[in-house]
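Results of the structural survey
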Amino acid sequence: GVRLRGRTGQLFALFQNSFYFNLDDALFCVGHSGLNSGPLNIATDVPKSVDWHQCGLRLGDRVWATGDKIRIGQRLELTINQTEIWRPTTVDCGWSATTLNAGLTALSHFNEDDVPRDGLARLVLSDWSSLASNPVTDYAEPAIVDLCRWLRGRTNDTKWMNRLIGLGPGLTPSGDDFIGGAMIALHAIGEAASANRMWNIAQPISLAAGNRISHAHLEAAAAGLGSAALHNAINALLHARQSELKTAVRDLDRIG
């Protein structure tokens, strides 16, 4: 948990379903009751039908924290004295290279109709060549190959990171999501040292890119923290639990 009392900041990103604010150097995302749990997220009891624009919020609104409340501008107040602190589920023991390979095989054979056509999703499929390419995958594919070689100790070249950070569509670009997912997965399988090395390379590049929100998510990923759906997906992959994997992937698809 983060000690909030006395911290101040401002609302700097406002969307229909969520908004972002900072308190000093800590970033938070506020959403409806169905917001996926995660290291930056604050899920409220506000119904999904509510548009945050209609709550009187404005970009630049001052935000400050008192003992049991966070106040946003003059219109909104979040009571946090009964807030539950979220922590990801730990990876169950008992997985092996065999179960992981089975889980990855199941993921690679998902129905291609369920795979988004933009971003990097097509690279998950075993026969991704059947889907039309896009500029993001074309640009990222050689960088991902080089990343895999780097993780295996076959190269010291890290130029692949420059190709991936900031690449693609979305509030958090596809390339950033890929790097973040890789660091979280490395933590999950006990390879925190590799995740730390990756973050040492990514951090200055991400800071220079200037995407404040994506940098905060990458910083959390460097500590092994991502959305609850992603942690569930990794756990299901490691143990080849196909039904759990499908549910987790559907939950991931609803994020954003």
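Note that the coordinates shown come from a computational prediction; the quantities given were computed from them, not determined experimentally.

Turning our attention to the pairing of strand β6 (residues 69-72). Along any regular strand the residues' side chains alternate between the sheet's two faces. Pairing of strand β5 (residues 62-65) with β6 involves three bridges; the strand directions are antiparallel. Each residue of the ladder has a partner; that of V63, found in β6, is I72. Between β5 and the antiparallel strand that follows it, β6, lie three residues. Bridging between β6 and strand β7 (residues 76-79) involves four bridges; their strand directions are antiparallel. In the strand pairing of β7, I70 is matched with L78. Connecting β6 to the next strand, β7, in antiparallel fashion are three residues, including G73 with a positive phi near 60°.

Time to look at the side chain of S194. Mapped onto the elements, S194 comes out in helix α5 (residues 192-209). For S194, a relative accessible area of 10% corresponds to the buried category. The residues contacting S194, other than those within four sequence positions of it, are W150, L151 and L186.

Right, let's get into the packing of helix α1 (residues 97-108) against helix α7 (residues 228-239). Two numbers describe how α1 lies on α7: the axes approach to 5 Å, and their chain directions differ by 115°. Each of T99, L100, G103, L104 and L107 in α1 lies in contact with α7, whose residues at this interface are L237, L238 and H239. Class assignment of the residues belonging to the contact of α1 with α7 gives a composition of five nonpolar, three polar and no charged.

The subject of this paragraph is the pairing of β5. As paired strands, strand β1 (residues 8-14) and β5 are joined by three bridges and run antiparallel to one another. Each bridged residue has a counterpart across the sheet, and for Q10 the counterpart in β5 is R62.

With that settled, consider the packing of aromatic side chains. One pass over the structure, following the stated rule, counts five aromatic pairs. An angle of 40° between the planes, with centres 6.3 Å apart, marks the rings of F12 and Y20 as tilted. Centre to centre, the rings of F21 and F28 are 5.4 Å apart; their planes meet at 25°, and the pair counts as stacked. In this pair, the class of F21 matches that of F28, namely buried. Every member of this aromatic cluster is reached through a ring pair, and the members are F19, F21, F28 and W52. In this structure, R62 is placed above the aromatic ring of W64, and the distance from its NZ or CZ to the ring centre is 4.5 Å. The side chain of R163 reaches across the aromatic face of Y139, ending 3.8 Å from its centre.

A separate point is the state of the cysteines. The tally for this structure, following the rule as stated, stands at zero disulfides. Cysteine C29 remains unbridged, with the sulfur of C55 as its closest cysteine sulfur at 14 Å. Look at C29 and you get buried, because its relative accessible area is 4%.

As a further point, take the pattern of salt bridges. Evaluated as defined, the whole model comprises five salt bridges. Put simply, K69 and D68 hold a salt bridge, and the shortest N to O gap is 3.6 Å. Residue classification places K69 among the buried residues on the basis of a relative accessible area of 19%. Judged by relative accessible area, which is 29%, D68 ranks as partly exposed. As a salt-bridge pair, E244 and R241 come within 3.9 Å of each other at their nearest N and O atoms.

What follows is about the sheet that holds strand β3 (residues 26-31). Hydrogen bonds along the backbone pair up the strands of a sheet, which may run parallel or antiparallel. Taken in spatial order, the seven strands make up an open sheet running β4-β3-β2-β1-β5-β6-β7, and their pairing is mixed. Each end of this open sheet is capped by a strand with a single partner; those strands are β4 (41-43) and β7. Adjacent strand axes in the sheet meet at a mean angle of 25° when their direction is disregarded. The pairing of β3 with β4 spans three bridges and is classified as parallel. In the strand pairing of β4, V30 is matched with I42.

Moving on to α5. For α5, built from 18 residues, the straight-helix expectation of 26 Å at 1.5 Å per residue is met to within 8% by its first-to-last C-alpha distance of 25 Å. The largest bend in α5 is about 35°, located at A202, with the proline P204 one to four residues further on. Where α5 is concerned, the buried positions are S194, A195, M198, W199, I201, A202 and S206. On its buried face, α5 is in contact with α2 (135-151), α3 (160-164), α4 (174-188) and α6 (212-222). G210 sits one or two residues past α5 and shows a positive phi near 80°.

Criteria and cut-off values
Residues numbered from 1 in each chain as written. Predicted model: local features only at pLDDT ≥ 70, side-chain atom pairs only at ≥ 80, totals over all residues. Heavy atoms only, no water. Pairing = 2+ DSSP bridges. Helix = DSSP H or I, 4+ residues; strand = E, 2+ residues; numbered from the N terminus. Buried < 20%, exposed > 50% of the residue type's maximum accessible area, 1.4 Å probe, protein only. Contact = heavy atoms within 4.5 Å. Axes fitted to C-alpha atoms, helices over the stretch in contact; angles between N-to-C directions. Nonpolar A, V, L, I, M, F, W, Y, C, P; charged D, E, K, R; others polar. Phe/Tyr/Trp six-rings, centres within 6.5 Å; stacked < 30°, edge-to-face > 60°. Lys NZ or Arg CZ within 6 Å of the ring centre and 35° of its normal. Disulfide = S-S within 2.5 Å. Salt bridge = Lys/Arg side-chain N within 4 Å of Asp/Glu carboxyl O. Expected span 1.5 Å × (residues − 1). Bend = angle between axes of the 7 residues up to and from the residue.

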